[in-house]
Amino acid sequence: MTADIKIRKTTQSRLSEVDFNNIPFGRIFADHMFVADFDGSNWTNMEICPLHKIPLHPATMAWHYGQAIFEGMKASIDEQGNPLLFRPEMHANRLNISATRMCMPEFPVDVFMDALSKLVYIDKKWIPTHEESALYIRPVMMATDEFVGVRSSDTFKFMIMTLPSGPYYSKPVSLLVEEKYVRACDGGVGEAKAAGNYGASLYPTLLAKKKGYDQVMWMDAREFKYVQEVGTMNIFFVIDGVAVTPNLSGTILKGVTRDSLITLLRDKGIPVEERPLSIEEIHEAYQAGKLQEVFGAGTAAVVANVNRIGYKGQDMILNPDEYKLSPMLKTEINGIRKGRLADKYNWIHPVGVGVLTD
Ligand SMILES: *Cc1c(COP(=O)(O)O)cnc(C)c1O
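Residues numbered from 1 in each chain as written. Predicted model: local features only at pLDDT ≥ 70, side-chain atom pairs only at ≥ 80, totals over all residues. Heavy atoms only, no water.

Enquirer: How would you explain the overall build of the chain if you had to name every residue and give the values?
Expert: Helix and strand counts for the chain stand at 7 helices and 18 strands. Computed over its C-alpha atoms, the radius of gyration of the chain comes to 21 Å, within 12% of the 21 Å expected for a compact globule of 358 residues. Scored against the burial criterion, the 358 residues of the chain give a buried share of 53%. Partitioning the intrachain contacts of the chain with sequence separation of at least 6 by distance along the chain shows that 71% fall at a separation of at least 24. Only carbon and sulfur atoms are counted for the fraction: they give 51% of the accessible area of the chain, which is about 16,300 Å². (Helix = DSSP H or I, 4+ residues; strand = E, 2+ residues; numbered from the N terminus. Rg over C-alpha atoms; globule rule 2.2 N^0.38 Å. Buried < 20%, exposed > 50% of the residue type's maximum accessible area, 1.4 Å probe, protein only. Contact = heavy atoms within 4.5 Å. Areas by Shrake-Rupley, 256 points an atom, 1.4 Å probe, with all protein chains shown as cover.)

Given below as structure tokens:
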């Protein structure tokens, strides 16, 4: 479907104000955004327009009752200057999984692809060219009824904004095994990229930071025994030559990067296990000298090496300089993302001038 998307371009680009050699993550926005309104039965008012603030009533339901979800994905540019989206349909589908769980309307995948392609094409000069840089894409949906009282909103707003970004975590990260707070429980909303999940993670993360760690490593909510994930990343452990990552149990986010890494590893003949993984097993592997690598996997960082894991008052110390799989995976993903390596898994969606002329 080519939906009716109005296009209104800026007359005052801010592009020349940006120092592409020094882009602080999350603060610099490209010129345009996509906006659509759900009127209770249909998505309407679809427009690509200059990025702008939206006036909201104090009773806007998203703020009170938490119907708010988002996505995070990336566009790169190849050496010929063509914008490339990385696995956009998977993100569109996940947005709709989050929407269903939070009682929000799905956004049609074909319209998502059309809007995103047009938006990225219009702002393609904002895509950084540097190896580990990209245009970060942030779709977000929120409840907009002005109403006090707990029920689902009837109206919603969907927006896509984009941000040029440099390398996300340049340094390895340290993690603290969380033994009091939980991120998600069986039957909860852990599988949704729902705003409230992140609000709930901030206080435990603050406590971990006070103890000298960058992030919390979440455990299962039932026994505090099985590893779940980290911040906004899934997690991989290389134990005695086998890459192990927690299985998708419904309490962890179904990461696109996680899926991509598993595919790459298997293709290279490296055994991968998706299964419940206890912190005790990790600790034993560490003590036996078999814990070779630990890294997080997510769109923003792609692969973030872990150099220390705090557990029961002691640290497991790792040496990312000796990691082999993690740098290989990062090079592969970046090569595919930038169009240098063959796209043999069909992950790349090129955006050509044709997107604006249909
Ligand atoms: C977004 C996110 C991830 C990573 O997903 P990607 O699709 O790889 O970016 C992992 N865990 C959580 C909690 C997240 O929000």
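Enquirer: Tell me what's going on with the nonpolar core, and back it up with residues and numbers.
Expert: Grouped together as the largest cluster of nonpolar side chains are 56 residues, with contacts concentrated most on Phe34, Phe107, Phe112, Met141 and Phe158. Considering every element that reaches this core, the biggest residue donor is helix α3 (residues 109-122), with 9 residues. The residues that make up this core include at least three from each of domain 1 (6-167 + 340-356) and domain 2 (173-323). Among all residues touching phenylalanine 34, those that are not within four sequence positions of it are Ile5, Met46, Glu47, Ile48, Phe107, Ala115, Leu119, Phe158, Met159 and Ile160. If you look at the next biggest cluster of nonpolar residues, it comprises 27 residues, including Val173, Val242, Ile309 and Leu318. (Core = buried A, V, L, I, M, F, W, Y, C linked by side-chain atoms within 4.5 Å. Domains from an automatic or database assignment.)

Enquirer: Could you give an account of the packing of helix α2 (residues 88-101) against α3, naming the residues involved and the relevant values?
Expert: For any two helices packed against each other, the geometry is given by the interaxial angle and the distance between the axes. In contact at an axis separation of 10 Å, α2 and α3 are set at 130° when each is read in the N-to-C sense. Taken together, the axes of α2 and α3 are oblique relative to one another. When you trace α2 past α3, the crossing you get is right-handed. From α2, Pro88, Glu89, Ala92, Asn93, Leu95 and Asn96 reach across to α3, where they touch Val109, Phe112, Met113 and Leu116. (Axes fitted to C-alpha atoms, helices over the stretch in contact; angles between N-to-C directions. Parallel < 35°, antiparallel > 145°, perpendicular 65-115°, else oblique. Left-handed = near helix turned anticlockwise from the far one by under 90°.)

Enquirer: Pulling in residues and values, what's your account of the packing of helix α5 (residues 256-267) against helix α7 (residues 325-337)?
Expert: With their axes 11 Å apart at the nearest point, α5 and α7 run at an angle of 110° to one another. Between α5 and α7, the angle falls in the class roughly perpendicular. From α5, Ser260, Leu261, Leu264 and Leu265 reach across to α7, where they touch Leu325, Met328, Leu329, Glu332, Ile333 and Ile336.

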